[in-house]
Amino acid sequence: RRRLGDLLDRVPSEDPERVDALTGAAWLATDQGDRASALGLLDESIKSARVAHDPVREAAALNCRGRARQVIGDPAGGRADIERALELQTQAGEGADLAVALLLAGAAAYFEDDLEIAVERFERCAQLSSAHDLPAVEARALQLLGLSCLERGDLQGAKAALTKGVPAVADIGDRFAIPVGVSALAGLASKGGRPRAALMLAGAAAAFEEVNQTYRPQKVRTQLDAWLAPIRKKMGAAAQTLSDRGRKLTLDEAVELGFDEQPEDAWRVGAS
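No experiment lies behind these values; they were computed from the predicted model shown.

**Q** In this structure, what is going on with the pattern of salt bridges? I would like to understand it.
**A** Pairs can form between side chains of opposite charge whenever their charged atoms are close. Counted according to the given criterion, the structure contains 23 salt bridges. A salt bridge links Glu 209 to Arg 221, with the nearest nitrogen and oxygen atoms 2.8 Å apart. Linking Glu 209 in helix 11 (residues 195-212) with Arg 221 in helix 12 (residues 218-235), this pair joins segments that are twelve residues apart in sequence. By relative accessible area, which is 21% here, Arg 221 ends up partly exposed. In this structure, Arg 247 and Glu 210 form a salt bridge, with 2.6 Å as the shortest nitrogen-oxygen distance. Of this pair, Arg 247 sits in the loop between helix 13 (237-246) and helix 14 (251-258) while Glu 210 sits in helix 11, placing them 37 residues apart in sequence.

Listed below in structure tokens is the structure:
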């Protein structure tokens with residue numbers, strides 16, 4: 001973000017690459033939860049792209065503005081931006097940029113609990129990303145597909161998507177997506193009768209977020225809290241102990257724990 005800020009001070013306003021720099025800086029600000037900076041940058045980016053009659057750059061900036069609104073927790077107007085970006089990108093063709101547009105359009109539907117459309121868009125995004133050799137986009141789409149399937153109660157579909165998406169995100173080293181994927185594994189564990197693993201993975205997700213200086217989408221945070229609420233209530237003080245233990249997991253250990261199919265002993269309330 002500092003480097004892009006330095007670049008913006010040097011590039012004239014009419015240079016098309018300035019639009020890219022504005023949008024890129026805003027994307028990173030969104031990753032860090034800095035909504036105010038992101039929206040200010042994107043208002044300028046969208047205006048400049050429209051003045052230049054550049055629909056592809058306009059779509060990229062609209063996507064980013066919609067994402068900023070939805071990721072950071074005040075979604076008003078976010079989906080409208082993203083749907084317009086998808087329309088512009090679809091008109092431009094079936095290329096790599098459309099895969100990114102589908103990822104964000106799927107996320108917009110997921111954030112608003114329009115899960116059928118979300119699943120459809122994530123699946124199409126993953127297919128298009130694979131065809132255009134976009135492993136990072138494909139991995140993010142699969143993680144969000146897994147979260148959408150979890151919310152629908154489709155554990156088999158969720159596991160299939162996460163089995164491919166989470167290890168790919170870890171291998172790529174996608175700083176923003178790693179805590180999201182580990183959160184998804186915590187949800188899979190909570191719904192699969194593995195409460196101890198769920199709490200440890202939730203702790204790991206929080207730790208990875210702090211280390212990577214990122215901010216998980218508010219929807220993911222709210223969803224995970226809802227899945228864990230009955231577990232925390234049942235386990236009492238032990239829940240925090242397990243979360244704290246999870247904060248010490250390495251990424252490889254967290255991924256291994258997330259896919260461990262070994263059943264846990266039933267939790268027994270009382271003195272031990």
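**Q** Even after reading the chapter, I still don't get unusual backbone geometry, so can you show me in this structure?
**A** Excluding glycine, most residues fall at negative phi; most peptide bonds, likewise, are trans. The phi angle at Asp 113 is positive, at roughly 65°, despite the residue not being glycine. By the element assignment, Asp 113 lies in the loop between helix 6 (96-111) and helix 7 (115-131). With a phi close to 60°, Gln 213 is a non-glycine residue in the positive phi region. Of note, Gln 213 is situated in the loop between helix 11 and helix 12. Using a relative accessible area of 55% as the deciding quantity, one classes Gln 213 as exposed.

Parameters and conventions
- Residues numbered from 1 in each chain as written.
- Predicted model: local features only at pLDDT ≥ 70, side-chain atom pairs only at ≥ 80, totals over all residues.
- Heavy atoms only, no water.
- Salt bridge = Lys/Arg side-chain N within 4 Å of Asp/Glu carboxyl O.
- Helix = DSSP H or I, 4+ residues; strand = E, 2+ residues; numbered from the N terminus.
- Buried < 20%, exposed > 50% of the residue type's maximum accessible area, 1.4 Å probe, protein only.

This is a description of form; function is not addressed.
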